[in-house]
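Observations on the model geometry
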Amino acid sequence: MNIDAGDELDYIVTVCIGEKFKLISQRHIEQHILEDPSLFPILARLSQKGRRNMISRIMNVRYELWNEPDLDIYWDTRDVAAFAEFIKIGAQAVRRADPEAKVVLGGMAYHADFLEQLFRDYGLSPYIDIVNMHNYYETWSERPVEKITENINAMAEVIEKYGDDQSLWMAEVGYSTFRQGSYVSDSYYAYYDYEHTPEYQAVDLFKRLTLAVAEEKLSAIAWYEIKDLPAGEEVIGDNYNNR
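What comes next is a walk through the structure. Note that the structure is predicted; figures quoted are calculated from it, not measured.

Moving on, we get to the layout of surface pockets. Left-over empty space is what a probe sized like a water molecule reveals as it rolls over the atoms. The space that makes up the second largest pocket amounts to roughly 190 Å³. Lining the second largest pocket, in full, are Glu138, Glu142, Pro144, Tyr188, Tyr189, Tyr191, Tyr192, Tyr194, Glu195, Tyr200 and Lys207. Taken together, the residues that form the lining of the second largest pocket break down as 7 nonpolar, no polar and 4 charged.

This structure, assessed with the given rule, holds 14 aromatic pairs. For the ring pair Phe83 and Phe86, a centre distance of 6.1 Å and an interplane angle of 45 degrees mean the geometry is tilted. A residue pair is termed a helical-turn pair when its members lie 3 or 4 positions apart in one helix, as Phe83 and Phe86 do in helix H5 (residues 80–97) at 3 residues. Owing to a relative accessible area of 0%, Phe83 belongs among the buried residues under this scheme. Ring geometry for Tyr175 and Tyr200: centres 5.8 Å apart, planes at 65 degrees, overall edge-to-face.

Here we come to the nonpolar core. Counting 33 residues, the largest nonpolar core has Leu105, Leu115, Leu118, Phe119, Ile128, Ile152 and Leu168 as the members making the most contacts within it. For this core, the elements supplying multiple residues, two or more each, are H5, strand S2 (102–108), helix H6 (112–121), strand S3 (130–135), helix H7 (148–162) and strand S4 (167–173). In contact with Leu115, not counting residues within four places along its chain, are Leu105, Met108, Val131, Met155 and Val158. If you look at the next biggest cluster of nonpolar residues, it comprises 5 residues, including Leu71, Tyr110, Tyr136 and Tyr137.

With 5 of its 7 residues buried, S4 lies for the most part within the structure. As paired elements, S3 and S4 share 6 bridges and run parallel to each other. Pairing of Val131 across the sheet is with Leu168, part of S4. For the crossover from S3 across H7 to S4, the handedness is right-handed. Sheet topology note: the S4/strand S7 (residues 220–223) ladder contains 3 bridges and is parallel. Each bridged residue has a counterpart across the sheet, and for Val173 the counterpart in S7 is Trp223.

Criteria and cut-off values
- Residues numbered from 1 in each chain as written.
- Predicted model: local features only at pLDDT ≥ 70, side-chain atom pairs only at ≥ 80, totals over all residues.
- Heavy atoms only, no water.
- 1 Å grid on protein atoms, 1.4 Å probe; cavity = no way out; pocket = protein on both sides within 12 Å on 5 of 7 lines; lining within 4 Å.
- Points joined across faces, edges and corners; volume = space filled by probe spheres on them.
- Nonpolar A, V, L, I, M, F, W, Y, C, P; charged D, E, K, R; others polar.
- Phe/Tyr/Trp six-rings, centres within 6.5 Å; stacked < 30°, edge-to-face > 60°.
- Helix = DSSP H or I, 4+ residues; strand = E, 2+ residues; numbered from the N terminus.
- Buried < 20%, exposed > 50% of the residue type's maximum accessible area, 1.4 Å probe, protein only.
- Core = buried A, V, L, I, M, F, W, Y, C linked by side-chain atoms within 4.5 Å.
- Contact = heavy atoms within 4.5 Å.
- Pairing = 2+ DSSP bridges.
- Right-handed = clockwise from strand over helix to strand, strands pointing away.

Below you can see the structure in the form of structure tokens.
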């Protein structure tokens, strides 16, 4: 079977990475291409490096290791050395399994000093391709949203000083619509009636993302949302849900 050049990438995504061939890594896809070069003429003509780069872009394979290690609810010992060793072991395992995959450091909640210790004191940078950070100011933090730029720049400065030019993501950012009276979370109480309503969430989304993008330090942003949970269902960071 021959595939038109214009359909080649779609075929790889929908078929080769799908159920038909069970190809779960870039290496498996490359082997499949080389077994029948006529099936993928564009990729078959590329150099090995070019082919792997293209497949990597198609697959978008990234592994995030842990979550918010700078908070003791997720890394309760606050032992930075132990966490660094844990990530090194995890990153090495990822690269053995799929050398082309990207390793994402679990999102920093707020503390750039934790990232600085990992990179400066424990040599973690060579094991990491992407640094991730989160931001929930005015929801799970008392800090005002206008301070988001300071947090972004603090993380970026650590990468500049001690890193290896890693991309910086903000793969969780959000603003909740939950409140009971003035209570929003154990970290934040609302001051005004308009806060933490669906209408103001839209305002915050625009303001927060505008501030973040304007710094030109982030290569990816993902707005975090949870919709229409059943009443009483427990989720991270939510003590009450709809009760």
